[in-house]
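Summary of the model geometry
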Amino acid sequence: MTNCASAPENDEETLLELKKINDPIEPTNRFIFDFNQGVDGAIIKPVTGLYRGIFPSAIRDSVHNFLDNIKTPVVLANDILQGEANRAGTTIMRFLINSSVGIAGLRDQATAWGFEDHDEDFGQTMAVWGVGEGPYLMLPILGPSNPRDAIGKVVDSLLDPINLWADNVDREWVPITRTVVGGIDKRDRIWDILNDLEKSSIDYYAAIRSLYRQKRNEEISNGSGDKNRKTPNLAETAAIEDPLHERRNSTVGP
Amino acid sequence: MSLINRGLAAFLFTTVICFGLSVEKVHSNDFVSGAEKFITALAAKAEKSLLSEEIKPIEHQKRFRKLMLDSFDLNGVGKWVIGRYWRRSSKHERAEYLNLFEEFIVATYSKRFRGYTKAKLQINGATKRKTAAFVNSQINREGAKPIRIIWRVKLLNGEYKIADIIIEGISWIQTQRSEFISVIRNNGGKISGLIKALRKKIIYLTSEKK
């Protein structure tokens with residue numbers, strides 16, 4: 001048992017740890033995270049609070065359903081690019097049902113009829129094609145990401161027919177409104193989780209980083225846990241087949 | 001922030017529903033089906049003893065702690081979440097850390113087990129991978145997608161113990177580990193930094209009015 005007071009920074013274990021954390025620009029990322037927290041506290045959270053105060057959850061659900069429905073073309077494109085025929089079929093059925101019976105997408109009738117909602121984006125598509133995530137990246141306002149997912153976001157917005165249309169007819173207010181309402185909707189849907197998480201975490205930044213990666217991994221594998229569909233260098237979660245019996249930690253267990 | 005999603009929602013929501021169950025001595029050879037029964041019994045017991053409105057907060061916390069100590073491999077998890085730093089810490093630090101880890105878990109989660117009285121856990125079979133059983137389950141909610149929960153269960157000294165809860169793909173111990181190691185790293189690789197942070201957080205959580 002070594003009792004060294006501080007960890008040397010160049011041994012094998014440290015390098016492995018750094019590789020798992022995969023956050024080479026952590027000081028910068030933390031700075032942007034603090035900035036985002038400031039923006040959230042000053043603008044996003046109060047506005048979302050107002051939104052929650054004014055509208056009952058039924059109306060907020062309708063807003064969410066509507067935003068979901070108009071995202072269909074992008075989800076469908078990514079279903080197809082990933083070769084997911086069944087999912088593409090579900091996406092089409094959802095759009096047909098929710099745009100008609102669901103009254104322009106305000107109601108999610110499709111889920112009740114067995115066509116469950118799923119999300120796909122170009123970041124996930126690239127992951128399925130074998131593109132690694134790259135280092136962790138905290139984007140201003142947009143939050144946790146990585147180079148692959150950040151590029152994916154740009155591609156998704158270029159693929160979006162509503163954006164293309166708005167651009168063609170000079171109606172910039174359309175994508176702007178959609179982005180603002182979409183942001184409020186997202187913040188609304190994680191309201192309680194973020195409140196709880198912020199209260200109970202001892203390193204909020206690290207908690208968000210871990211959750212973001214695990215959640216993306218889950219989305220990429222479509223919840224199947226299939227290793228082949230996981231992002232190639234997601235070292236942090238890939239390495240834990242049997243975490244409590246890992247090789248070096250022989251002191252673990254009774 | 002673009003984080004978001006059900007997975008996350010599920011993470012906190014469910015850590016809520018699920019803690020605790022009495023010790024069940026195991027003699028059965030069938031490890032996997034035993035693990036499944038263990039989780040089924042756990043859910044029933046948690047529902048009966050924690051999710052009733054009438055209990056006073058102090059009694060509630062007492063019951064929560066007991067169920068958790070009985071059904072979780074808390075020491076194993078506590079050790080794993082600080083990784084290699086366990087080996088670098090002194091005997092005294094280890095004891096203090098494990099004690100604080102327990103307090104931290106109780107302070108964080110016991111309150112969350114109040115109020116979610118209508119959720120029901122449905123068990124969907126189990127599989128074995130290496131030395132652990134993975135019990136699949138879901139929480140059904142009215143008008144919303146069910147939340148998928150996987151329980152990682154081990155057999156320690158003839159007793160079933162929970163080693164992880166994976167909610168919509170998000171592992172509880174993995175998340176805790178990322179956070180704890182980050183705190184240690186930012187304190188010069190010393191576990192004393194984590195001990196200090198935990199103590200502060202426990203005081204904050206227990207003094208909080210609700």
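Summarised in this report is the structure supplied together with it. This structure is a prediction, so every number in the text was calculated from the model and none was measured. Numbering of residues begins from 1 in every chain and follows the order in which that chain's sequence is written. Chain A is the first chain written and ligand 1 is the first ligand written, with later ones labelled in order. Owing to the predicted nature of the model, reporting of local features is limited to residues with pLDDT of at least 70; listing and counting of side-chain atom pairs is limited to 80 or more, with chain, interface and lining totals taken over all residues. Excluded from the side-chain calculation are hydrogens and water; included are all heavy atoms of the structure.

Time to look at the overall build of chain B. Under the scheme used here, helices are H or I runs from DSSP no shorter than 4 residues and strands are E runs no shorter than 2 residues, and both carry numbers assigned from the N terminus. Of regular secondary structure, chain B possesses eight helices and five strands. Listing the helices and strands of chain B from first to last along the sequence gives α-α-α-α-α-α-β-β-β-β-β-α-α. Note on exposure labels: buried denotes an accessible area under 20% of the residue type's maximum, exposed denotes more than 50%, and partly exposed covers the range between, all computed with a 1.4 Å probe on protein chains only. Within chain B, the fraction of its 210 residues that count as buried is 56%. By sequence separation, contacts in chain B at least 24 residues apart represent 63% of the contacts at least 6 residues apart. Any two residues having at least one pair of non-hydrogen atoms within 4.5 Å are treated as being in contact.

Once that is clear, we can look at the side chain of serine 182 of chain B. Examined against the element boundaries, serine 182 of chain B turns out to sit in helix H7 (residues 172-185). Aside from chain neighbours lying at most four places away, what touches serine 182 of chain B is Glu26, Arg30, Asp203, Ala206 and Arg209 of chain A.

Salt bridge, as applied in this entry: a Lys or Arg side-chain nitrogen positioned within 4 Å of an Asp or Glu carboxyl oxygen. Per the stated rule, a full pass over the model turns up 32 salt bridges over all chains. As a salt-bridge pair, arginine 94 of chain A and aspartate 108 of chain A come within 3.4 Å of each other at their nearest N and O atoms. Highlighted residues: arginine 94 of chain A in helix H5 (residues 85-100) and aspartate 108 of chain A in the loop between H5 and helix H6 (109-112), separated in sequence by 14 residues. Glutamate 59 of chain B serves as the salt-bridge partner of arginine 63 of chain B, at 2.9 Å between the closest nitrogen and oxygen. Placement of the pair is arginine 63 of chain B and glutamate 59 of chain B together in helix H3 (residues 57-71), with a separation of four residues, close to one helical turn.

Our focus in this paragraph is the packing of aromatic side chains. For any pair of aromatic rings, the description consists of the separation of the ring centres together with the inter-plane angle of the planes. Residues and elements named next belong to chain A. Any Phe, Tyr or Trp ring, taking Trp's six-membered ring, that has another such ring centre within 6.5 Å forms a pair; planes under 30 degrees apart are called stacked, those over 60 apart edge-to-face, and the others tilted. Under the definition given, this model contains twelve aromatic pairs over all chains. Both rings, one in phenylalanine 33 and one in tyrosine 204, keep their centres 5.6 Å apart while their planes meet at 65°; by these two values the pair is edge-to-face. Residue phenylalanine 33 is located in helix H2 (residues 26-54), and its partner tyrosine 204 is located in helix H12 (residues 204-220); the two are separated by 171 residues in the primary sequence. Here a set of aromatic residues connected by ring pairs shows up, and it is made of Phe33, Tyr136, Tyr204 and Tyr205.

What follows concerns the nonpolar core. Counting 52 residues, the largest nonpolar core has Tyr97, Trp151, Trp172, Phe180 and Leu194 of chain B as the members making the most contacts within it. Every residue in contact with tyrosine 97 of chain B, bar those within four places of it in the chain, is listed here: Gly78, Val81, Ile82, Trp86, Phe180, Ile191, Leu194, Ile195 and Leu198 of chain B. Core analysis: the next-biggest nonpolar cluster, separate from the first, contains 15 residues, Tyr136, Tyr204, Tyr205 and Tyr212 of chain A among them. We define the nonpolar core as a collection of buried residues of types Ala, Val, Leu, Ile, Met, Phe, Trp, Tyr and Cys that are connected through side-chain atoms lying within 4.5 Å of one another.

Residues and elements named next belong to chain A. Axis definition: a line fitted to C-alpha atoms, limited for helices to the stretch in contact. Angles are taken between N-to-C directions and run from 0 to 180 degrees. Remark: H2 packs on H12, axes separated minimally by 11 Å, with the N-to-C direction vectors making an angle of 100°. Between H2 and H12, the interaxial angle falls into the category roughly perpendicular. Within the contact between the two elements, H2 uses Glu26, Asn29, Arg30, Phe33 and Gln37 and H12 uses Tyr204, Tyr205, Ile208 and Arg209. Grouping the amino acids of the contact of H2 with H12 by side-chain chemistry returns four nonpolar, two polar and three charged. For classification purposes, an angle smaller than 35 degrees is called roughly parallel, one larger than 145 roughly antiparallel, one from 65 to 115 roughly perpendicular, and anything else oblique. Three categories are distinguished: nonpolar for Ala, Val, Leu, Ile, Met, Phe, Trp, Tyr, Cys and Pro, charged for Asp, Glu, Lys and Arg, and polar for the others, with Gly belonging to the last.

Looking now at unusual backbone geometry. Positive phi outside glycine occurs at isoleucine 141 of chain A, with the angle close to 65°. Relative to the helices and strands, isoleucine 141 of chain A is located in the loop between strand S1 (137-139) and strand S2 (143-145). The backbone of glutamate 168 of chain B shows a phi angle near 50°, a positive value even though the residue is not glycine. Here glutamate 168 of chain B lies in the loop between strand S4 (159-167) and strand S5 (170-171). Relative accessible area serves as the criterion here: at 13%, glutamate 168 of chain B is assigned to the buried category.

Attention now goes to a nonpolar patch on the surface. Together, Leu50, Ile54, Phe55 and Ile59 of chain A line one region of the surface with nonpolar side chains, adding up to about 380 Å² of accessible area. Mapped onto the elements of the fold, phenylalanine 55 of chain A is located in the loop between H2 and helix H3 (57-70). Patch membership requires over 30% relative accessible area and the absence of a salt bridge. Like charges are linked within 9 Å, and nonpolar side chains (Val, Leu, Ile, Met, Phe, Trp, Tyr) within 5 Å. Computed with a 1.4 Å probe, the accessible areas rest on the Shrake-Rupley method; for each residue, only the protein chains presented here act as cover.

Take the sheet that holds S5 of chain B next. All names here are of chain B. Ordered in space as S1-S2-S3-S4-S5, the five strands form an open sheet in which the pairing is antiparallel. With partners counted over all chains shown, the strands left at the sheet margins are strand S1 (120-129) and S5, one partner each. A pair of strands counts as paired when DSSP detects no fewer than two bridges linking them. Relative to S4, strand S3 (residues 144-156) runs antiparallel, the two being bridged by eight bridges. Pairing of leucine 155 across the sheet is with tyrosine 160, part of S4. Strand contacts of helix H2 (residues 31-50): S1, strand S2 (132-141), S3 and S4, with the helix running at about 155° to S1, the strand carrying the most contacts.

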